[in-house]
Amino acid sequence: VQLQASGGGLVQSGASLRLSCAASDGTFSGYTAGWFRQAPGKEREFLAAIRWLGGNKVYADSVKGRFAISKDSAKNTVNLQMSSLQPEDTGVYFCAAGRPIMSTMGRSNSYYFWGQGTQVTVSS
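These numbers were taken from a predicted model, which means no experiment stands behind them. (Residues numbered from 1 in each chain as written. Predicted model: local features only at pLDDT ≥ 70, side-chain atom pairs only at ≥ 80, totals over all residues. Heavy atoms only, no water.)

Draft legend 1. How the structure looks around the sheet that holds strand β3 (residues 17–24). Taken together, the four strands give an open sheet; going across it, the order is β1-β3-β8-β7, and neighbouring strands pair in antiparallel fashion. Looking along the sheet, the strands with just one partner apiece sit at the ends: β1 (2–6) and β7 (67–72). On average, each strand axis in the sheet is tilted by 15° relative to the strand beside it, whichever way the strands run. Of the strand pairs in this sheet, β1 and β3 are connected by five bridges, and their pairing is antiparallel. Of the residues in β3, the one forming a bridge with Ser6 is Ser20. (Pairing = 2+ DSSP bridges. Helix = DSSP H or I, 4+ residues; strand = E, 2+ residues; numbered from the N terminus. Axes fitted to C-alpha atoms, helices over the stretch in contact; angles between N-to-C directions.)

What follows is the structure, encoded as structure tokens:
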């Protein structure tokens, strides 16, 4: 499965942004899709994940209530709706797919397909 993330950009503090992750050479079916971000000089951070079958969702505490992950089965995409963005949300956002168990949905090493990343910059 190849993943392509899009939708990043430069926004002001308080703005909203919607990221999309499209799968090709395969589908998300049977996988869990996740979003991670990496800020300069920091480790990759888990944000949210969704099981394609069943739709179970998991969020990191840092984004709970501000970010929402969703899937579009018809388009074979996973979206991340982000609101109330702050400068600390700046980073490269990656989508990923894997088959983690519930307790490992937040671990990057549970995912084996990764997109190339899309830059999100939030100015103050």
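Draft legend 2. A look at the nonpolar core. The biggest cluster of nonpolar side chains holds 34 residues, and the ones touching the most others in it are Phe28, Trp35, Phe67, Val78, Leu80, Met82 and Tyr93. Going through the elements one at a time, β1, β3, β4 (32–38), β5 (45–51), β7, β8 (77–82), β9 (91–98) and β11 (118–123) are the ones with two or more residues in this core. Counting residues per element, this core draws most heavily on β5, which supplies five residues. Discounting residues that sit within four places of it in the chain, Met82 has contacts with Ala15, Ser16, Leu17, Leu19, Arg66, Phe67, Tyr93 and Val120. (Core = buried A, V, L, I, M, F, W, Y, C linked by side-chain atoms within 4.5 Å. Buried < 20%, exposed > 50% of the residue type's maximum accessible area, 1.4 Å probe, protein only. Contact = heavy atoms within 4.5 Å.)

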